[in-house]
Amino acid sequence: MSLSDKEKLNELIAANNIATWEWHIPSGDTVFNNHWAEMVGYQLQELMPFSLTIWRNLLHPADLAKAEKALDEHFNAVTPFYDVEARMQHKQGHWVWVRMRGRVVQRDVEGKPILMFGTHCDITTDKQAKFAEQQHKHTYDLLIRTGDIANIGTWEVTMPPTSPRWDTVTRRIHQVEDDFNCDMARAIEFYQEGESRERIAKVFSAAVNEAVTFDEEFEIVTARDELRWVRTIGIPEFHDGECIRVYGLFQDITQVKTAYDSLQSLSSTLYNVMDAASEIAIIATDLEGVITLFNRGAELMLGYKADELVGKHTPMQFHDSDEVTLRAKELREEFQVPITGIDVFAYLPRRDGKESRRWIYRCKHGTELWVQLVVTPMYNAQKQLTGYLGMARDITLQEHISFELKQFFDLSQNLMCIISLQGYFERVNHAFTVILGYSEKDLLLTPYAELIHPQDIDETAEEIKRLYDGDKSLGFVNRLKHHDGHYVTLEWFTTPDPDTGKLYATAQDITERHRLELMKTEFVSTVSHELRTPLTAISGALGLVLSERLGPLSAPHQHLLKLASDNSQRLTFLINDLLDIEKLAAGKMRIKLQPHSVTALLAQAIAENQTYALEKQVIIENAAAAIDAALDAKLDRFRFLQVMANLLSNAIKFSPANGRVIVNAEVVDDAIRISVQDNGPGIAEDFKHRIFQKFSQADASDSRIEGGTGLGLALSKQLVEAMHGRIYFDSTPGQGACFYLTFSLLKSNT
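Residues numbered from 1 in each chain as written. Predicted model: local features only at pLDDT ≥ 70, side-chain atom pairs only at ≥ 80, totals over all residues. Heavy atoms only, no water.

Along the protein, the regular secondary structure elements total 24 helices and 27 strands. Put simply, of all contacts in the protein between residues at least 6 apart along the chain, 50% involve residues at least 24 apart. Just so you have it, the protein exposes about 44800 Å², and 54% of that area is on carbon and sulfur atoms. (Helix = DSSP H or I, 4+ residues; strand = E, 2+ residues; numbered from the N terminus. Contact = heavy atoms within 4.5 Å. Areas by Shrake-Rupley, 256 points an atom, 1.4 Å probe, with all protein chains shown as cover.)

Okay, structure coming up:
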C-alpha cells in the first residue's frame, strides 16, 4: 500500500527527529507538532494555547536577543532564511540546544510577512560532541605547552615493536634533530649502560607482556654524550588480550635530581650537625606543640629516646608544671591575652621572633636541670608558620657556681664591688652598705670619686692608672666618706678587666688598725726619741769612765762598768732597729740604689765585723774574694752593710769558739747569690717559719747569753726586699745555718 506525499513527508520528519511549526504572523496563531513539545519535555496540550510569549520564556535569556535579531533580519528580507542555534529550557530544568530554521512563505502587497513555516532540530548531542572536541583540543594544546615548559615529552611504540615515535620535547631531551628516527635497539642504547639499560628493558617487557604500567627514573646518555636523569612513564594499551601499543611521558629531571641530591646531602649534613651537637638539646614541635624532632643532645640531656616522644608528647613531658603555670599567668597579666598550652613557649617567639629564657627540665630518671632555652618560630617556603624550634643548653653548673659566687659576694665581711669605666658602682655587696652606711640604691647612683677623701683623690687616680698600665694591686689605702659624714679607711685589692675596663675590687675596713698603727708609730717614735737623748749621755759617760781618764778602775768596777756600757750599746741598737722598721713600714725610709762592686762591699762588711769575730774567737773566711771584682749590682751601700752586719753578727754569735764563718758569692743566671755559712747549732724546725718575724728568738736563754733583740732578721728581710733582692736560708739542726742574699747583676756595657 503506497503512502501519500503528506504521509511520506511526516515519516521523513519523524525519522530525522525534526519538529515542525507553522506561524500565522498577524494573528500570532502557531501550530506545532507533538515532537516539538517532546523536545523540551512537554506534551503538546501542556503548552496550548501557544503564544510568542511562551516561546520567549523557554529560550535561554542569553540567546533571546540573538534569536529575535535573526527573526527581524529575515522579516526585513536581509536574510533568505531564519537560521539560529539557541538553548531552550527543558521541563526538568536543563537546557536543550535547538537549531531553529524557517522561512516566510507569504507576504502582503507591502511585503510584510504573513505566514512562516519552519523546523526545530535537537542538536544537543552534536553541541556536546563539538564542545568536547574543542575541550580536548584545548586540553591537548595546553598539555603540549605545559610539557614544553616543564620539559615533558611524549613517546609511543606500536606493537609489534616499531620505531618509537617521539615528539619535539623528547627529541630535545635526547639532543637529536627534529627529523631523527631510530629503531627500538637504538632507543634502548640511549639509556646508561648497566643498571639503567637493564631496568628499562625489564619494565618495558613487563608492560608488553603483563600489562604493567611503569614510572621510573633512569640515567641516559644523550646524542652529545651528556649524562642526564630522566623520568619515563609507560602505559600499555591492550585489545582482545593483546598489547597493541605502549605510550607515555618522558621528562628531563636532571636539575630536580641534582637539587634533590643536594637537598638530601644538606638534610643529612644538618641531621649530622644536630646529632653532633651532643651538648645542645634541639627539640622541634608542630603548631599544636607535639614534638617532631628530638636530637641526640636532647636524648643525652633528658634521658628519653626520640621514639618515646616524637609524635606522641609535648615539651610538658619534661617541663616543671608549676613553673609553666606561673609563666602563663605572667604572660596573661602582661599582655592581657589568653595563654594556654604551647602558647606559654610560643607567644613571644611569634610576636618578637624569638625568646631566650631560663627553664627547669625534669629528666626521665628524676633529676632536675637548669637550661637556657631559645625558642624560634619555623616557617615553610610560603612563609606559613609550621611549628617551633627550641635549643636548650645545660646551665646547671653555671647556676650553682653563680649562686655560690652570689652567696660569697653577699656574705663576705669584706667590701666587694664592681666599678664601671664611667666611675659608677655597678654592684656592691651587703658589707659595703653596712660599713659605709648607704643603701645599695644610693651607692649605685653615686660616682665613686664623690666618696673619696679630697686628700686621697689624686693618689687614688694614680693607683687606678697604674693598674690599667698592667701593674699588680699591692694593697692600696684610701678613705671613703661614711653616710654619717666621717671617713672610713679602706685597704683595696683591685683588678681591672682588660676587655670591659671595669674594676673588680675588694676592700677591708682598716680604720681601727690604722688608728692603732698610728698610735704605735707615734709611741715608738716618742719613746725612741726620749730614750736616745739620755742613753747617749749615759753611753758617753760610761765610755769616759772606762777610758780611765778620770782615774784608774779596779777590776770589779771595770767589769760592772763594761757590762753597763755593753747593755747601753745594745739598747742603742734596739732603738735604731725599731726606728728603721717603723720607717720601712711607713714608707719613709729612703733607699738610694746605686751601682756597687759586690766584692768590695763584702770585703768592707767583713772588715767592719772583724773586731766582734776576734772577741768571740771566730774566724771569718772571705771565699768571695776570688770572684770577678767587676760584678756590680744596684744597692744602697749603707743598708747592704747593715744587712751583712746582722747576718755576720748572728753567724759569729752562734758559732763555737774557734769556729768558722764563711762568706761566699756566685753568679746564678743573671743574679749574684751571697751566702753566710756558720757551723753553729743550726735552726730548730719549729722556729724556721718564724725566723723573719719581729722579736723572734729561737730560745730565750740564747738571748740572755748571747744578746739580741729579735729584730735583726726581720729588718734585714725588709731592707733586702726594698733593694729588690731576696733573702732565705737553709739549715739542718746541729750542722749550722746558711743565709742567702740574691740581687740582679748589672749588665756589662762591653
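It is at 10 Å that the axes of helix H22 (residues 637–653) and helix H24 (residues 712–722) come closest, and there the two elements cross at 145°. Classified by chirality, the crossing of H24 by H22 is left-handed. Residues Arg 639, Gln 642, Val 643, Asn 646, Leu 647 and Asn 650 of H22 pack against Gly 712, Leu 713, Leu 715, Ser 716, Leu 719 and Val 720 of H24. (Axes fitted to C-alpha atoms, helices over the stretch in contact; angles between N-to-C directions. Left-handed = near helix turned anticlockwise from the far one by under 90°.)

In the structure shown here, the tally under the stated rule is 4 cavities of 30 Å³ or more. Empty space within the largest cavity amounts to approximately 200 Å³. Around the largest cavity sit 15 residues that line it, and Trp 155, Val 157, Trp 166, Ala 187 and Tyr 191 are the ones nearest its centre. Of all the elements in the fold, those that place two or more residues in the lining of the largest cavity are strand E6 (152–158), helix H6 (168–174), helix H7 (184–189) and helix H8 (195–210). Tallying contributions element by element places H7 first for the lining of the largest cavity, with 3 residues. As a volume, the second largest cavity reaches approximately 140 Å³. Of all the secondary structure elements, the ones that give two or more residues to the lining of the second largest cavity are strand E11 (280–286), strand E14 (368–379) and strand E15 (385–394). The element contributing the most residues to the lining of the second largest cavity is E15, with 3 residues. (1 Å grid on protein atoms, 1.4 Å probe; cavity = no way out; pocket = protein on both sides within 12 Å on 5 of 7 lines; lining within 4 Å. Points joined across faces, edges and corners; volume = space filled by probe spheres on them.)

On to the side chain of Glu 491. Here Glu 491 is to be found in strand E19 (residues 487–496). In this structure, Glu 491 is in contact with Gly 475, Phe 476, Val 477, Thr 506, Ala 507, Gln 508, Ile 510 and Arg 513, ignoring residues within four places of it in sequence.

Here the focus is the pattern of salt bridges. Counting across every chain of the model gives 34 salt bridges. In this structure, the salt-bridge partner of Lys 465 is Asp 469, at a minimum N-O distance of 3.1 Å. A residue is classified by how much of its surface remains accessible, and Asp 469, at 54% relative accessible area, is exposed. (Salt bridge = Lys/Arg side-chain N within 4 Å of Asp/Glu carboxyl O. Buried < 20%, exposed > 50% of the residue type's maximum accessible area, 1.4 Å probe, protein only.)

Pairing geometry for strand E26 (residues 726–731) and strand E27 (residues 737–744), over 6 bridges, is antiparallel. Bridging across to E27, Arg 726 finds its partner in Thr 742. Linking two consecutive strands that pair antiparallel, namely E26 and E27, is a turn of 5 residues; a positive phi of about 90° is found at Gly 734 within it. (Pairing = 2+ DSSP bridges.)

So far we have only geometry, and geometry alone does not tell us how the molecule works.
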